[in-house]
Amino acid sequence: MAKISIPLSLIGYIRTSFITSTFSLIVLRYCGEGSLGLYGIAVAIEGAAQTFINSLWQFFNVKMTIRYGVDDSIGKTVKTLIKPTIFAVILAVLCALALCVCAGPFVRFFVPKYVGAIPVIYILSIGMILTALRLPTEVLRTALRYNVVFLIAIMK
């Protein structure tokens, strides 16, 4: 159990805690405390918008895992993910556009001190699209191809 779960946990850690804390450290070190506050607000707003895309990704991830269990083939499983990935990417683009349109008025009305976070929100909205695009790469995690998954997590 440990042989399988520890590498999977490590990948999850890299994708979440490590990346967030590293970006926060870089922003704090090179841009100052004020910028870290702007980054924090931007991450919180983008994270709320990302919830829908994450839910969709989890739904398709379960279907993909079941399909891989049936076929035991990475190639066949990836082929079944083409339509869901296209659907998820289109939806992610629409959600990212909606976030970009709504972020400005939302921040100006509710937290006007953080208007500087609006451009950061625009940049972070790209993460929604990247989340939708990562669905086919999750087959590698399901197939326990750790080296490739580590490389993808670090490259992102």
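Look a little higher up for the structure.
All values reported here derive from a predicted model rather than from experimental measurement.

### Side note on helix α4 (residues 82–110)
For an α-helix, 3.6 residues make a turn, and residues three or four places apart therefore share a direction.
Here is step 1 of the chain: Look at α4: 40 Å from first C-alpha to last across 29 residues, which is about the 42 Å you get at 1.5 Å a residue.
Here is step 2 of the chain: Considering bend angle alone, the principal kink of α4 is centred on C102 and spans about 35 degrees; proline P105 follows within four residues of it.
Here is step 3 of the chain: Of all the positions in α4, only P84, T85, A88, V89, L91, A92, C95, A96, L99, A103, G104 and V107 are classed as buried.
Here is step 4 of the chain: For α4, the secondary structure elements touched by its buried residues are α2 (33–71), α3 (74–80), α5 (118–124) and α6 (126–133).

### Some words on the nonpolar core
Here is step 1 of the chain: Within the largest apolar cluster, 26 residues are counted, with the highest numbers of intra-cluster contacts made by L99, I121 and M128.
Here is step 2 of the chain: Elements with a contribution of two residues or more to this core: α2, α4, α5 and α6.
Here is step 3 of the chain: Per-element accounting of this core gives the leading share, nine residues, to α4.

### Concerning unusual backbone geometry
Here is step 1 of the chain: At D72, a position not held by glycine, the phi torsion is positive, near 55 degrees.
Here is step 2 of the chain: Its place among the elements puts D72 in the loop between α2 and α3.
Here is step 3 of the chain: A residue is classified by how much of its surface remains accessible, and D72, at 58% relative accessible area, is exposed.

### Notes on the pattern of salt bridges
Here is step 1 of the chain: Counting across every chain of the model gives one salt bridge.
Here is step 2 of the chain: The residue R67 makes a salt bridge to D71 at a minimum N-O spacing of 3.5 Å. With R67 and D71 both in helix α2, this residue pair falls four residues apart, about one helical turn.
Here is step 3 of the chain: The class of D71 is partly exposed, set by a relative accessible area of 25%.

### A closer look at the packing of aromatic side chains
Here is step 1 of the chain: Evaluation of the coordinates by the stated rule reveals four aromatic pairs.
Here is step 2 of the chain: Note on F109 and F110: the rings are 4.9 Å apart at their centroids and 90 degrees apart in plane angle, and the pair reads as edge-to-face. Comparing F109 with F110, the two get one shared label, exposed.
Here is step 3 of the chain: What links up through ring pairs into an aromatic cluster is the set F59, F60 and F87.
Here is step 4 of the chain: The ring of W57 carries R134 above its face, with NZ or CZ at 4.1 Å from the centroid.

### Section: the packing of α4 against α6
Here is step 1 of the chain: Axis separation between α4 and α6 bottoms out at 8 Å; the angle between their running directions is 170 degrees. Comparing their axes, α6 and α4 come out roughly antiparallel. Residues T85, A88, V89, A92, V93, C95, A96 and L99 of α4 form the contact with α6, whose participating residues are M128, I129, A132 and L133.
Here is step 2 of the chain: Classifying every residue of the contact of α4 with α6 gives 11 nonpolar, one polar and no charged.

### Things to note about the environment of Y39
Here is step 1 of the chain: Within the secondary structure, Y39 sits in helix α2.
Here is step 2 of the chain: Assessed through its relative accessible area of 11%, Y39 is described here as buried.
Here is step 3 of the chain: Distance from Y39 to A117, taken between C-alpha atoms, is 6.4 Å for residues 78 residues apart in sequence.
Here is step 4 of the chain: Non-local contacts of Y39, meaning those with residues more than four positions away in its chain, are made with F23, S24, V27 and V120.

Conventions and cut-offs
- Residues numbered from 1 in each chain as written.
- Predicted model: local features only at pLDDT ≥ 70, side-chain atom pairs only at ≥ 80, totals over all residues.
- Heavy atoms only, no water.
- Helix = DSSP H or I, 4+ residues; strand = E, 2+ residues; numbered from the N terminus.
- Expected span 1.5 Å × (residues − 1).
- Bend = angle between axes of the 7 residues up to and from the residue.
- Buried < 20%, exposed > 50% of the residue type's maximum accessible area, 1.4 Å probe, protein only.
- Contact = heavy atoms within 4.5 Å.
- Core = buried A, V, L, I, M, F, W, Y, C linked by side-chain atoms within 4.5 Å.
- Salt bridge = Lys/Arg side-chain N within 4 Å of Asp/Glu carboxyl O.
- Phe/Tyr/Trp six-rings, centres within 6.5 Å; stacked < 30°, edge-to-face > 60°.
- Lys NZ or Arg CZ within 6 Å of the ring centre and 35° of its normal.
- Axes fitted to C-alpha atoms, helices over the stretch in contact; angles between N-to-C directions.
- Parallel < 35°, antiparallel > 145°, perpendicular 65-115°, else oblique.
- Nonpolar A, V, L, I, M, F, W, Y, C, P; charged D, E, K, R; others polar.

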